[in-house]
Structure formats: C-alpha cells, structure tokens
Amino acid sequence: MSVTLKDVAQAARVSVSTASRALTGTGLTSDRTQQRLVRIARELGYRPNPIARGLKTGQSRLVALLVHNLTNASFQVMAEVVQARLKALGYQMLLCIGGDDPQQESDTLTTLVDHRIDGLIVVPTGKNGAQLKTLAKDVPIVCLVRRDDATDLETVLADDPQGAYLGTRHLIELGHKRIGLIVGRQDTTSGRERLSGYVRALREAGIARDDTLIHAGHYVPETGATSARKLLDLSRPPSAIFVANHEATLGVLRVTAERNIAIPDDLSLLCYEDMPWFEWHRPAISIVDNGARDLANLAVDRLLHRMDAKGNGSEGVREYRVGARLIKRDSCRQVDTPAPARSTKPKSSSSKTSAAKSAKV
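All values derive from a computational prediction rather than experimental measurement.

## Overview of the packing of aromatic side chains
Per the counting criterion, the structure on display carries 2 aromatic pairs. Ring geometry for Phe-242 versus Tyr-272: centroids 6.2 Å apart, planes at 20°, classification stacked. A residue pair is termed long-range when its members are at least 10 positions apart, and Phe-242 in strand E8 (residues 240–243) and Tyr-272 in strand E9 (residues 268–272) qualify at 30 residues. With a centroid separation of 5.0 Å and 80° between ring planes, the pair formed by Trp-277 and Phe-278 is classed as edge-to-face. A residue is classified by how much of its surface remains accessible, and Trp-277, at 23% relative accessible area, is partly exposed. Of note, Arg-61 hangs over the ring of Tyr-91, and the distance from its end group to the ring centre comes to 3.8 Å. Seen from the ring of Tyr-165, Arg-200 lies directly overhead, with NZ or CZ sitting 3.7 Å from the centre.

## A word on the sheet that holds strand E1 (residues 62–67)
Here we have 6 strands laid out as an open sheet, ordered E2-E1-E3-E4-E5-E11, and parallel in their pairing. Here the strands that pair on one side only, and so sit at the sheet edges, are strand E2 (92–97) and strand E11 (319–322). Across the sheet, the axes of successive neighbouring strands diverge by a mean angle of 20°, strand direction being ignored. As judged from the 6 bridges shared by E1 and E2, these two strands associate in the parallel manner. Considered in E2, the bridge of Leu-62 is made with Gln-92.

## Some remarks on the environment of Val-322
One can find Val-322 in strand E11. Between the C-alpha atom of Val-322 and that of Asp-160, which follows or precedes it by 162 residues, the distance is 9.0 Å.

## Overview of the nonpolar core
Ranked by size, the top nonpolar core spans 47 residues in total, and within it Leu-181, Tyr-198, Phe-242, Val-243 and Leu-269 carry the most contacts. Counting only elements with at least two residues in this core, the list comes to helix H8 (160–173), strand E6 (179–184), helix H9 (189–204), helix H10 (221–232), E8, helix H11 (246–258), E9 and strand E10 (286–289). If sequence neighbours within four positions are ignored, Leu-269 has contacts with Ile-241, Val-243, Val-252, Leu-253, Ile-263, Ile-285, Ser-286, Ser-331 and Cys-332.

## Observations regarding helix H5 (residues 73–88)
For H5, with 16 residues, the first-to-last C-alpha span of 23 Å sits near the 22 Å given by 1.5 Å per residue. All of the buried residues in H5 are Ala-73, Ser-74, Phe-75, Met-78, Ala-79, Val-81, Val-82 and Leu-86. Where H5 is buried, its residues touch E1, E2, strand E3 (119–122), strand E4 (141–144), H11 and helix H13 (292–307). Two or three places before Ser-74, at the opening of H5, Asn-72 has a side-chain oxygen 2.7 Å from that residue's backbone nitrogen.

## What to know about the environment of Val-255
Tracing the chain through its elements places Val-255 in helix H11. Linking Val-255 and Leu-232, residues 23 residues apart in sequence, is a C-alpha distance of 9.6 Å. When sequence neighbours within four positions are dropped, the list of residues in contact with Val-255 reads Ala-225, Ala-228, Arg-229 and Leu-232.

## Re the sheet that holds E10
Overall, mixed pairing links the 6 strands, which are arranged E7-E6-E8-E9-E10-E12 in an open sheet. Both outer strands of the open sheet, strand E7 (214–217) and strand E12 (325–327), are each paired with one neighbouring strand and no more. Taken pair by pair, the neighbouring strands of this sheet meet at an average axis angle of 15°, ignoring direction. Pairing of E6 with E8 involves 4 bridges; the strand directions are parallel. Bridged to Leu-181 within E8 is Phe-242. This element, H10, spans E6, E7 and E8 of the sheet and lies at about 155° to E6. Sheet strands touched by H11: E6, E8 and E9. Its angle to E9, the strand with the most contacts, is close to 150°.

## Let's talk about the pattern of salt bridges
All told, the structure shown has 26 salt bridges when counted by the stated rule. In this structure, Asp-289 and Arg-325 form a salt bridge, with 3.4 Å as the shortest nitrogen-oxygen distance. Placement of the pair is Asp-289 in strand E10 and Arg-325 in strand E12, with a sequence separation of 36 residues. Shared partners join several salt bridges into a network, and the residues in it are Arg-147, Asp-149, Arg-192, Glu-193, Glu-319 and Arg-321.

Calculation rules
- Residues numbered from 1 in each chain as written.
- Predicted model: local features only at pLDDT ≥ 70, side-chain atom pairs only at ≥ 80, totals over all residues.
- Heavy atoms only, no water.
- Phe/Tyr/Trp six-rings, centres within 6.5 Å; stacked < 30°, edge-to-face > 60°.
- Helix = DSSP H or I, 4+ residues; strand = E, 2+ residues; numbered from the N terminus.
- Buried < 20%, exposed > 50% of the residue type's maximum accessible area, 1.4 Å probe, protein only.
- Lys NZ or Arg CZ within 6 Å of the ring centre and 35° of its normal.
- Pairing = 2+ DSSP bridges.
- Axes fitted to C-alpha atoms, helices over the stretch in contact; angles between N-to-C directions.
- Core = buried A, V, L, I, M, F, W, Y, C linked by side-chain atoms within 4.5 Å.
- Contact = heavy atoms within 4.5 Å.
- Expected span 1.5 Å × (residues − 1).
- Polar contact = N/O pair within 3.5 Å; in protein donor to acceptor, adjacent residues only side chain to side chain.
- Salt bridge = Lys/Arg side-chain N within 4 Å of Asp/Glu carboxyl O.

Shown next as structure tokens:
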C-alpha cells in the first residue's frame, strides 16, 4: 500500500497542510520542520502524486513532445534536446509517437489533456487543426518541422525550400541533368517546400521538370525502397537521386545494396537530414542538414516564452525559420565523363547475398 501525505503528517505529528507546505517548499514552515518532514517522508518511502499536486497548483510540470517516429534521426536529436532543456528547469518531458497518423495523433492529444500538461511541442499531421486550436486555449503549443495550415499556432520550421534548392543545384553543378527526387507527402509543409526547392533549381538551370523522376509518399523506409526501384527501372534512369527525407533514405540504401550499385560511380546520392553514420558510411553521404538541434532549441525557447504568463498570448503568433545547409561529402560525383554502363537490375539470389555481404556501411 502506498504511503500518503496523511501518513507522513501523522508520523511527524503535524497537520496535513503543514506537511504539504514543508514538502512542496511553499508556505511558512521553519527550516528545521521542513528538514524533519523531508527526512520522515524519505524514511517512509513517500512519493508525491504529480496529478493531484497539479490539480492543486494548476501546474503538472509535464511538457509533451509529439513526433511521428524515432526512425528519423532528426526526431531523436530533437527529443534529446527538449528533454535536457526541460529537465534543467524542473520539468518532465512526455515523449509521444504519433506514427504520422491523424487518429493516433488525436487520441494522443486527448490523453495529454487528461494529464494536464503545461505545454506541448508537436510535429502536426495537419489533420487535427480544430483539436489543436481548442487545446491551445488552455495549453501553450508550438508546432515544429511542419505548419498546421488550419491553425495560427506559433511554428518553428527549417528553411526547406532553400535547403532543397541548394542540394539540387549542387547536383546540377556536378553535371547531372536527370535527377530523381524522393520526397514526402505533398499535404505536409516539408514535402511541399522541398519539392518547390527542387523545381526552382531545375527551372533556373533550364532543365524541364520530368514527373517520372519525382516520387512522393509517406515518411517510411518503404517509400524510399519502392521509389528507388521505380527510378532505377526507367529506360533512362537518373544519374543522381536526391532523397528528401531521412526515412526514405533507409529504403534507398537497402535497394542500392540489393542491386550492388556503387555510389557514386553508378549513382550519385544526396540525402536530407543528417545522422552520425552518414559521415561514417563509405562513401560518406552528402546531405542537406536541416539543423535539428537548432530547431529543437528554438522550439523550447518559444514554448517557455508562451508558458510564461507575461509572454503567453501578449504578442502576435510568429513563424520562425532555421537555415538549412549543404554538407558535401563523397556520395556525389562529377558526370562530365560518363561512367561505364552498368546494369541496375536485381541480380540473382546468390549475387544479392554476395552484395549484401560486401556492402560497406
């Protein structure tokens, strides 16, 4: 049976209200009384009920971070940053995974209301704007990575149009004219904006848009695998593929290993969103870095500002951008001199096994 505040008060021979003030550090209790009650509570194994305390104080000291998955290394970095920042201020972070699924996101938001969270950082699906608007009346909210177009919530975004433009222009400068793009869903901010940056770079270079080279889909590795197979099976396959989200990259790398495709000799590969093993991979993978750590820090700054009673709601809602940058490594090559022709079709089962063993990752 758990030890209650009443048990602590009886053991210390004080009132429940005195015990509560001493253990929460509020009210007028002497240092000696507070120290004695803290010692007795520890000896009895008393642990305060945060939900009950939240009902009394109006603060749960809980802040939620709702992301789509932890497959994406950017979300892992963001979770680490948010947790460390909040812990230093005495908050606990609730990490929630929405699976990029509107129903799962809606159910999670309902649960978070029940837990009386003090704040929320969310990567929205864009399908629950009405629910987010209602929740925002009581809870400070900051959207991260994506904008929810049905709301006017404060939002922190990467400069995805510029990032995708820089990446595509880099491939064009290397001589590539047939550049495949694997990008996220077009009903998401990042998916639309990364496509727009790609198209802009092609237009400026006088290269006609070819929709057979563009594949959009859900943020899962299978999207990358399916799209890569379709691109490589074209009668004129691309000489470079720009994979514009991290989840899809994992699928693309699986296909290149299955088909024993040498990067960059057979295919130049440029990816979006960094993670440590991209640099350790051989060849090291060139990427467009979306600044995950900076995005998370700025989102926490804005959330804390809105959680402050003086700052919350006292100014217009803003959208903030964190600059993306191109990091050139070894996975993209100059194509002025054509590489020797090489089949990109799947090999026999024995060849696949050999290729998998020899893949350098």
